[in-house]
Amino acid sequence: MPRRYPNIILTGTPGVGKTTTAQQLVELSKAPETSPASHVPLKHLSINKIAKEQNFYDSYDEELETNVVDEDKLLDHVEELIADGDGEGGWVIDWHVCDIFPERWADLVVVLRCEDTQVFYERLTSDNKAETGEKRGYEGKKLQENIDAEIFGVILDEAKEAWPNEGQVVELPSVQAEQIEENAEWIWAWCQQWVQDNAGRSNGVNG
Ligand code: ADP
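The present account deals with the structure reproduced in this document. As the structure is a prediction and not an experimental result, all values here were calculated from the model. (Residues numbered from 1 in each chain as written. Predicted model: local features only at pLDDT ≥ 70, side-chain atom pairs only at ≥ 80, totals over all residues. Heavy atoms only, no water.)

The next thing to look at is the site of the ligand. Taken together, the neighbourhood of the ligand is formed by 18 residues, with Gly15, Lys18, Thr19, Thr20 and Asn128 sitting nearest. Within the side chain of serine 174, a nitrogen or oxygen atom sits 3.0 Å from a nitrogen atom of the ligand. Expressed as a share of its isolated accessible area of 560 Å², the protein-covered part of the ligand is 84%. Among the residues making up the shell around the ligand, the classes are represented as six nonpolar, seven polar and five charged. (Near = heavy atom within 4 Å. Polar contact = N/O pair within 3.5 Å; in protein donor to acceptor, adjacent residues only side chain to side chain. Areas by Shrake-Rupley, 256 points an atom, 1.4 Å probe, with all protein chains shown as cover. Nonpolar A, V, L, I, M, F, W, Y, C, P; charged D, E, K, R; others polar.)

The next subject is the packing of aromatic side chains. The final tally for this structure, using the stated rule, is two aromatic pairs. Relative to phenylalanine 101, the ring of tryptophan 95 lies with its centre 6.3 Å away and its plane at 50°, an arrangement referred to as tilted. The class of tryptophan 95 is buried, set by a relative accessible area of 5%. Taking the relative accessible area as the measure of exposure, phenylalanine 101 reaches 4% and is therefore buried. Relative to tryptophan 105, the ring of phenylalanine 101 has its centre 5.5 Å away and its plane inclined at 25°; by these criteria the two rings are stacked. Aromatic rings pair up to connect Trp95, Phe101 and Trp105 into one cluster. Positioned over the ring face of tryptophan 91 is lysine 43, at 4.6 Å from the centre of the ring. A cation over a ring is seen here: arginine 136 above tyrosine 138, with NZ or CZ 5.8 Å from the ring centre. (Phe/Tyr/Trp six-rings, centres within 6.5 Å; stacked < 30°, edge-to-face > 60°. Buried < 20%, exposed > 50% of the residue type's maximum accessible area, 1.4 Å probe, protein only. Lys NZ or Arg CZ within 6 Å of the ring centre and 35° of its normal.)

In this section: the sheet that holds strand β2 (residues 43–46). The five strands lie next to each other as β2-β5-β1-β6-β7, forming an open sheet whose pairing is parallel. Both outer strands of the open sheet, β2 and β7 (169–173), are each paired with one neighbouring strand and no more. Adjacent strand axes in the sheet meet at a mean angle of 25°, parallel and antiparallel pairs treated alike. In this sheet, strand β5 (residues 91–94) lies alongside strand β1 (residues 8–11) in parallel orientation, the contact comprising three bridges. Bridged to isoleucine 9 within β5 is isoleucine 93. (Pairing = 2+ DSSP bridges. Helix = DSSP H or I, 4+ residues; strand = E, 2+ residues; numbered from the N terminus. Axes fitted to C-alpha atoms, helices over the stretch in contact; angles between N-to-C directions.)

Our next topic: unusual backbone geometry. Unlike most non-glycine residues, asparagine 55 shows phi in positive territory, near 50°. With respect to the helices, strands and loops of the structure, asparagine 55 is situated in the loop between α2 (47–53) and β3 (57–61). With phi around 50°, glutamate 65 is a residue other than glycine that occupies positive phi space. Within the fold, glutamate 65 resides in the loop between β3 and β4 (66–69).

By the definition in use, this model includes 10 salt bridges. Residue arginine 3 is joined to aspartate 107 by a salt bridge in which the shortest nitrogen-to-oxygen separation is 3.0 Å. Residue arginine 3 is found in the segment before β1, and its partner aspartate 107 is found in the loop between β5 and β6 (108–113); the two are separated by 104 residues along the sequence. Residue lysine 129 is joined to glutamate 134 by a salt bridge in which the shortest nitrogen-to-oxygen separation is 3.7 Å. (Salt bridge = Lys/Arg side-chain N within 4 Å of Asp/Glu carboxyl O.)

In structure tokens, the structure reads:
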């Protein structure tokens, strides 16, 4: 059965603003509706949170100071979650990895980018994670790898390879504070348009 609401994958290097943007997007979706057609309930699905809560960790990478996730367990669990409610959709899947997800899970993949290396460096070393409020405090190899990944657009390339069709992957800049809201609004407008277009199709309006 086709989904009623679109699923979005919100991805990008850690620190680009995925969680903050997802939270704003979900808030926008709760705002009083102007018309029933514009009602698109969205739910934030933080993969980091799930992996932690369900303890889907396989091992610990000492060099990169990070937990290694058991991808099979994670995928099975998320598949069940998003099939809930008759698979009506409306999930905002937030993680720094995107290419392990089946293509059919997402209607749009948004890759957030922070191409100002100085700003990004400050974020990774000094900012607090939106998810937990903890200081990120990356250093050493972990810091360098994430900065390099952002400079080279590694996640954008992975997304484009996994979702090769025109328009499936969108890159949005997330350098300045006001871009968080702009991006949330852009994605929100896209979701509303998707619902309008797809409702038309299922009613046979578009032939
Ligand atoms: P991610 O989920 O991608 O790891 P977060 O949403 O946790 O990133 O954001 C990391 C930090 O950077 C937070 O303190 C957040 O407020 C800040 N931040 C994210 N995006 C922006 C932006 N566009 N401008 C300014 N600060 C930002």
